[in-house]
Amino acid sequence: MFPKRLSDGYQAFLDGRFHNERKRYEELGESGQHPEILLIGCCDSRVSPEVIFDAGPGEMFVIRNVANLVPPYEGDAKASSYHGTSAAIEFAVSALEVKHIVVLGHASCGGVRAVFDCAEPLTRTDFIGKWMSQITPVASAIPRTGDRATDVRRLEWAVVEHSLKNLMTFPSIRDRVEQGKLELHGTYFGVATGLLFLRDPVTGEFTACTSQPA
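These figures come from a predicted structure and were not determined experimentally.

A.B. asks: Describe the packing of aromatic side chains, and please don't skip the residues or the numbers.
C.D. replies: Following the criterion strictly, the structure yields 10 aromatic pairs and no others. Ring geometry for Phe13 and Phe18: centres 5.7 Å apart, planes at 50°, overall tilted. Taking relative accessible area as the criterion, Phe13 reaches 28% and is therefore assigned partly exposed. An aromatic cluster is defined as three or more aromatic residues linked by ring pairs; in this entry it consists of Tyr10, Phe13, Phe18 and Tyr25. A cation sits over an aromatic face here: Arg144 above Phe116, 3.8 Å from the ring centre.

If you want it as structure tokens, here you go:
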């Protein structure tokens, strides 16, 4: 049986947002999408980019996966390989010609914590472990302070940095960045606090972009 929560939510959408923005939806249906922002975030249910940035339909092209990871460019990938994240990035950059790419990390990321704790595989196939193994060298390179909360947060920030670096391995992205047609941004969301941190592209430091929410 289809979840009642979704049926009720859809009805609320029809009566509310769709009704109020019907002209916008009609335009999107007829003319297609033209977002200027590609946002790469985590599939964590607590971190919804459209909610955090109060985005309307058609404003952001969103890619979500475990731990907001961008794999390195693989131009000679085998035909049998599937690269969902890379394919979506390619579409956003080459077809939609977005002007900004935002990597959104977040606090309390289960994938990052699993790497930090060297957790056992969840299943025999361990898809998550293989996916998260991309940042094992990143975790190994970060000196630990002894304070768990601090060290996990530093790794979460480092994952954002890692994804930004991997984005630059894509020739289409590198060319557009060098031509000034595309900008890359690192961000981090505090689930419990609501604070958004922005990464300084020069220093690499993350700073809250506003004061503590009321």
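A.B. asks: Describe the UniProt feature "binding site: Zn(2+)" (unreviewed entry) in the protein chain, listing the residues and the values that go with them.
C.D. replies: In this numbering, the UniProt entry assigns the feature "binding site: Zn(2+)" (unreviewed entry) to Cys42, Asp44, His106 and Cys109. Annotated residues spanning 68 residues; largest pairwise C-alpha distance 9.0 Å, indicating a single compact cluster. Topologically, Asp44 is positioned in the loop between β1 (37–42) and α3 (49–52). Among all residues touching Asp44, those that are not within four sequence positions of it are Arg64, His106 and Ser108.

A.B. asks: Explain helix α4 (residues 84–95) to me, and be specific about the residues and the numbers.
C.D. replies: In this model, α4 (12 residues) spans 16 Å end to end at C-alpha, consistent with the 16 Å of a helix rising 1.5 Å per residue. Taken residue by residue, α4 has Thr85, Ser86, Ala88, Ile89, Ala92 and Val93 as its buried positions. Down the axis of α4, the buried side of the element spans an arc of 165°, and every buried residue falls inside it. Turned more than 90 degrees from where α4 packs its buried face, Gly84 and Glu90 sit exposed. Where the residues of α4 are buried, they touch β1, β2 (60–65), β3 (100–106), α6 (127–132), α8 (148–167) and α9 (171–178).

A.B. asks: Summarise the pattern of salt bridges; cite the residues concerned and give the values.
C.D. replies: Scanning all chains against the criterion turns up eight salt bridges. One salt bridge connects Arg17 with Glu21, and the closest N-O pair in it is separated by 2.7 Å. The exposure class of Arg17 is partly exposed, given its relative accessible area of 36%. The shortest N-O distance in the salt bridge between Glu26 and Arg22 comes to 3.6 Å. With Glu26 and Arg22 both in helix α2 (residues 22–31), this residue pair falls four residues apart, about one helical turn. Taking relative accessible area as the criterion, Glu26 reaches 42% and is therefore assigned partly exposed. On the basis of relative accessibility, which here comes to 46%, the residue Arg22 falls in the partly exposed class.

Reading guide: rules and limits
Residues numbered from 1 in each chain as written. Predicted model: local features only at pLDDT ≥ 70, side-chain atom pairs only at ≥ 80, totals over all residues. Heavy atoms only, no water. Phe/Tyr/Trp six-rings, centres within 6.5 Å; stacked < 30°, edge-to-face > 60°. Buried < 20%, exposed > 50% of the residue type's maximum accessible area, 1.4 Å probe, protein only. Lys NZ or Arg CZ within 6 Å of the ring centre and 35° of its normal. UniProt positions renumbered as here; feature names shortened; annotations may be inferred. Helix = DSSP H or I, 4+ residues; strand = E, 2+ residues; numbered from the N terminus. Contact = heavy atoms within 4.5 Å. Expected span 1.5 Å × (residues − 1). Arc of directions from axis to C-beta. Salt bridge = Lys/Arg side-chain N within 4 Å of Asp/Glu carboxyl O.

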